[in-house]
Every structure is written in C-alpha cells, then in structure tokens.
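Chain and residue survey
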Amino acid sequence: MIFIASSHLSLAQSPGRAAGSLPTLGDSSELTASAERRLGDRIAVSIYRDPDYLDDPVLGDYVQSIWQPLMAAARSRGELGTELEERFAWDVMLIRNRTVNAFALPGGYLGVHLGLIGVVSSRDELAAVLGHELSHVTQRHISRLITQQNRQTPWVIGAMILGALAASKNPDAASAAIVGGQAVAVQGQLNFSRDMEREADRVGSGVMADAGFDSRGVTGMFEKLQQASRLNDNGSFPYLRSHPLTTERIADAQARLQLAAGSRGPKGGDADSGKALVLHAMMAARARVLGDPGVDALRAMQAQAQRTSPSGQLAPQDAGALYAGALAAGRLRDLGLARSLASRLQSAVVGNPRAANAADLLALELDLQAGSTPAGAAQLDLANASARADVLLKSRALLAVGRAREVSERLQSWVVAHPKDASAWQLLAQAYGRQNEPLRAIRADAESRAAQLDYTAALDRFKGAQNLMRTSRDNSAAANIEGSIIDTRTRELESLLKEQALQDKLDR
C-alpha cells in the first residue's frame, strides 16, 4: 500500500533481472534516493510521535525474523542495489491498529498494522505481504509515483501522505491533515497502478521463495482478502482497498505456485514447520491483545484460555489461546490467573526453543507489569542475551532488582551496534540515572530522541548536558571523553537542523 496518487504505466516485458539492473517497468523516477529518504524521514518522525506507534521488542523481533531473510534474498537476487540499501532506512514500524493493513512509505519505511499480524495464519502469509511491500520499494514504485506528482512540492506530498495515514484511523478528520485541498484526489487515488501491483506480486513471490518461505503463503493471503471481499469489506481490510484483487492477480499467483511446487515449505521439514506455526500463533495472539481490543474481548480471550487443556502435541491454536489469555489477564490486572496461564504455556512449549523463549519472556513481562520482583531475576544472564527482546526485557528486570551497572555495561555495547534503538538508549539513560551519572543519562536520553528523528528535542538535551558540564567539578578522563562526545554530537545536530531548514525552504 502506498499513500501517493498514481496513474497507469505501460508494462515493459522483460525475461528477467540481472544484478543491479533497473526495475522491469523501467526507472522513470526523477527523485534521487537521498531526496526520497528525506521525504520518508519527515513522514516517519510524525509516525514515531503518534500514540499508535508501537515499539514492542517481542513482536519486533518476530517481524524481523521474517524481514531480514527477505532483505537478504532481495539482495542476492539483485533486486536490492547497494545505493538503496545504504541510503534507505529499511525500518519496519508496528502500528497499534486492528485493521488488516501494511504500507510502504518513501525512503524504505514500512508500516505493519497489528491487525495484519493477528489475522494471518502463518509466517509465510506475513512474508507474502512483507515481500510484496519490499518489492514496491526496491522497484522504485514510490519514487516514480512521486515523480508523476512533480507539480507538487515534496512538502505538500508529505502532508498528503500523512493525511492518508490519518484517514485509515479517522476518515472524518483526514481532510484536516491534507493540505492544498487535495483530500478528494488522495482518497480516490491511493493505489499503485495495476502494472506496479503485478510487478510487486511477481518480484515479491520470488523474493519470499528464495528466502525459504512457502509460496503458498501468497495464495493463503489472497484467500483471506477474497473472503473479505465477498463479505463486502466492512473497513477492517484497508489492504484490500489499496491492493484490489483481480482474477488475473489470483491466477498469476496460482500459476507461480504450480511452477514452484517442487520447493514447498520452509527449510527444515514438517517438525520445524509445526514449531513455526506454534510460535506464529503466539505472536498473532500478542498482536491481537496489544491492539487494544476492549475489555469484553480481553475477557473472552481469558475465558478461552481457561478452557484450553493441551494434551499430547501442542496445537498452534492452543498455544495462541494460552498466550492471549495470559497477556489479557495481565491487562485486566488478574495477575494470579495471568501467571497461571503463562506457567501452563511454558510447560506446553518445552522442546520448541523459540516458543519456549517467547513464553519465558511473557512470564517476565507479567512480573514487571505487576511491579513485583521478576521470578528468577538472580539467574538472568544479560551478558549473553543477543535478541533485542531478550536484551530490553531482561534489562528492565535487572533494573527492577537494582543491577543498574550490569544493565549499563550491556546496553553500552548494544547501542554501539544498534545506534538507532531509541528504547535501548532510554533504558540506558535510566541505568545511568540510578548510578548517579547525570551527564551520561542526559546524553543517552538525547540519543533516544535523535534515534526517532526528533532532532530539536535531542539538541535541547545535548545543550542541557553541556550546561551541566560547565558546572561540574568532575575532571576525570571518563567525564572529559563524555564531554567531547556531547560537544561533537551537539555540533552535528546543529548542522543537520540547519540543512533541514534550508531544504524545507527549497521544497516550499
């Protein structure tokens, strides 16, 4: 899905793609990768500030476990060139919205609604959607659509995109966010051209197959969309409106599936496939609960989990029910029931390492939510934690039991490798604060703002750190090094904000 007006393009026939070659449709874009990234940044900063933006490390890790293989496959196939990979953000943002939707934005930003994760039946179906949206970006569909709007300045286009995003949540208020009287035009022209949709279908299917996903995920997703279409789409499937199904698209997908019949299923065999379905059911359940479905829906999830009695091999629906029930009970403050359901889930997923880890993190999360000392906190090994969810949740647990120094030591190395991780920077600020290191705490807080592109707020905090340095009597080598870093970052942000102001004047 893309929130840019589009028109139909002619499909240039091509038998294949060589590494680094132009998209099949021909690259008719006049927008450079750097300019597109700047436009994407403007839109992304508004999304980061939106209350519905969700940085959930557990769901984030799950989506990344699908996204990264897709990126690698696109790279190896020659779909993802070096320039785009280096210049674009490639940031997948989770949106707390129960509608079934996903969208691509300029500059390599992608959005995934929790409703989509909650409704797909497998990671292969989710991979089908992500591969399709990835292909819209790698084929430069977005920049070409922007080029077609060359009578509009990038600033106006960005406002139109934000207005269309607002429309997905509140159609009555959408026109207020779309400047220049363009509301009608945007609402009527949100789709990619048919040729672009066909190209994204074809390229996306190849990417997901090369990434090791089951190509049947494409037809599975089409079946869900087709069912929603027959039910007269009640608004919960905006993906259906921006990616309208046609008999030709469905037939093309089925033909590709027949050609790829010899390479079905994820690598690893049926046992691994079953384990993947259990984990997916748990993550889909998490998405449904975090989507704020309302008290009645949470109580229904809680009741369903209490009726669930797994026996023998754990069915995915039972794992999902227990996970949803435990998380829902935690939200309803029934912490005893939440812990009981989480414990049953932990026992049921023994032998499935990834699902077991997800269940352990759920139990840890529920303890943190209750404000109690996390069970087994003394045995938590933060030094060897590698996944983002492990690092962040275990850091929160160790902060709760007073092990701030251990947290700061682990997070220092983490943010070096992941400088755009705003949540990690924020936890690091808390760890420094509890160790009475205000200068480092302020700097970490500033970096968390910069990671979400709020450069003005970041600069204010860096300047606050400079003021603290002037009044500090700490002349240690560590303080001097920290001061040097703060001075350098302050100059960098001042320069960046000046460049942005100049670019804004040019765009207007």
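What this report covers is the structure whose coordinates are included nearby. Small disclaimer: the values here were computed from a predicted structure and weren't measured.

Quick notes on the packing of helix α17 (residues 335–348) against helix α18 (residues 353–370)
Taken N-terminus to C-terminus, the directions of α17 and α18 make an angle of 165°; their axes are 9 Å apart at the nearest point. Here α17 lies roughly antiparallel to α18, going by the angle between them. Relative to α18, α17 is oriented so that their crossing is left-handed. On α18, the residues that touch Leu335, Ala338, Arg339, Ala342, Leu345 and Gln346 of α17 are Ala359, Asp360, Leu362, Ala363, Leu366, Asp367 and Ala370. Class assignment of the residues belonging to the contact of α17 with α18 gives a composition of 9 nonpolar, 1 polar and 3 charged.

Some points on the packing of helix α5 (residues 123–138) against helix α10 (residues 194–210)
Contact pair α5 / α10: the axes reach a minimum separation of 8 Å and the direction vectors enclose 125°. Here α5 is positioned oblique relative to α10, judged by the angle of their axes. In terms of crossing hand, the pair formed by α5 and α10 is right-handed. Here Asp124, Ala127, Ala128, Gly131, His132, Leu134, Ser135 and His136 of α5 come into contact with α10, specifically with Met196, Glu197, Ala200, Asp201, Val203, Gly204, Val207 and Met208. Grouping the amino acids of the contact of α5 with α10 by side-chain chemistry returns 8 nonpolar, 5 polar and 3 charged.

A few points about the environment of Phe213
For Phe213, the location among the structural elements is in the loop between α10 and α11 (216–230). Owing to a relative accessible area of 2%, Phe213 belongs among the buried residues under this scheme. Excluding anything up to four places from it in sequence, Phe213 contacts Ile66, Pro69, Leu70, Arg123, Asp124, Ala127 and Met208.

Describing the sheet that holds strand β2 (residues 91–95)
An order of β1-β2-β4-β3 is seen for the 4 strands of this open sheet, with the pairing classed as mixed. Of all strands in the sheet, those with a lone pairing partner are β1 (53–54) and β3 (102–105), marking the two edges. Note: β1 against β2, 2 bridges, orientation antiparallel. Bridge assignment links Tyr53 to a residue of β2, and that residue is Ile95. Helix-sheet contacts for helix α1 (residues 33–49) involve β1, β2, β3 and β4 (109–113), and the interaxial angle to β4 is about 35°.

Some thoughts on α17
Between its terminal C-alpha atoms α17 stretches 20 Å, which fits the 20 Å expected from 14 residues at 1.5 Å a residue. Of the residues making up α17, those classed as buried are Leu335, Leu337, Ala338, Leu341, Ala342 and Leu345. Along the long axis of α17, the arc covered by the buried residues comes to 155°, so they all point the same way. Along α17, the residues that are exposed and aim more than 90 degrees away from the buried face are Gly336 and Ser347.

Focus on the pairing of β3
A regular strand places its side chains on the two faces of the sheet in alternate fashion. What you see with β3 is no split at all: Ala102 and Ala104 on one side and Phe103 and Leu105 on the other are buried throughout. Relative to β4, β3 runs antiparallel, the two sharing 4 bridges. Note that in β4 the partner of Phe103 across the bridge is Gly111. The hairpin formed by β3 and β4 contains 3 residues between the paired strands, and Gly107 there has a positive phi angle of roughly 80°.

Observations concerning helix α20 (residues 404–417)
Given a rise of 1.5 Å per residue, 14 residues ought to cover 20 Å, and the 20 Å separating the end C-alpha atoms of α20 matches this to within 8%. Among all positions of α20, only Ala404, Val407, Ser408, Arg410, Leu411, Trp414 and Val415 are buried. Of the surrounding secondary structure, the elements contacted by the buried residues of α20 are α19 (388–400) and α21 (422–434).

Reading the values: the criteria
- Residues numbered from 1 in each chain as written.
- Predicted model: local features only at pLDDT ≥ 70, side-chain atom pairs only at ≥ 80, totals over all residues.
- Heavy atoms only, no water.
- Axes fitted to C-alpha atoms, helices over the stretch in contact; angles between N-to-C directions.
- Helix = DSSP H or I, 4+ residues; strand = E, 2+ residues; numbered from the N terminus.
- Parallel < 35°, antiparallel > 145°, perpendicular 65-115°, else oblique.
- Left-handed = near helix turned anticlockwise from the far one by under 90°.
- Contact = heavy atoms within 4.5 Å.
- Nonpolar A, V, L, I, M, F, W, Y, C, P; charged D, E, K, R; others polar.
- Buried < 20%, exposed > 50% of the residue type's maximum accessible area, 1.4 Å probe, protein only.
- Pairing = 2+ DSSP bridges.
- Expected span 1.5 Å × (residues − 1).
- Arc of directions from axis to C-beta.

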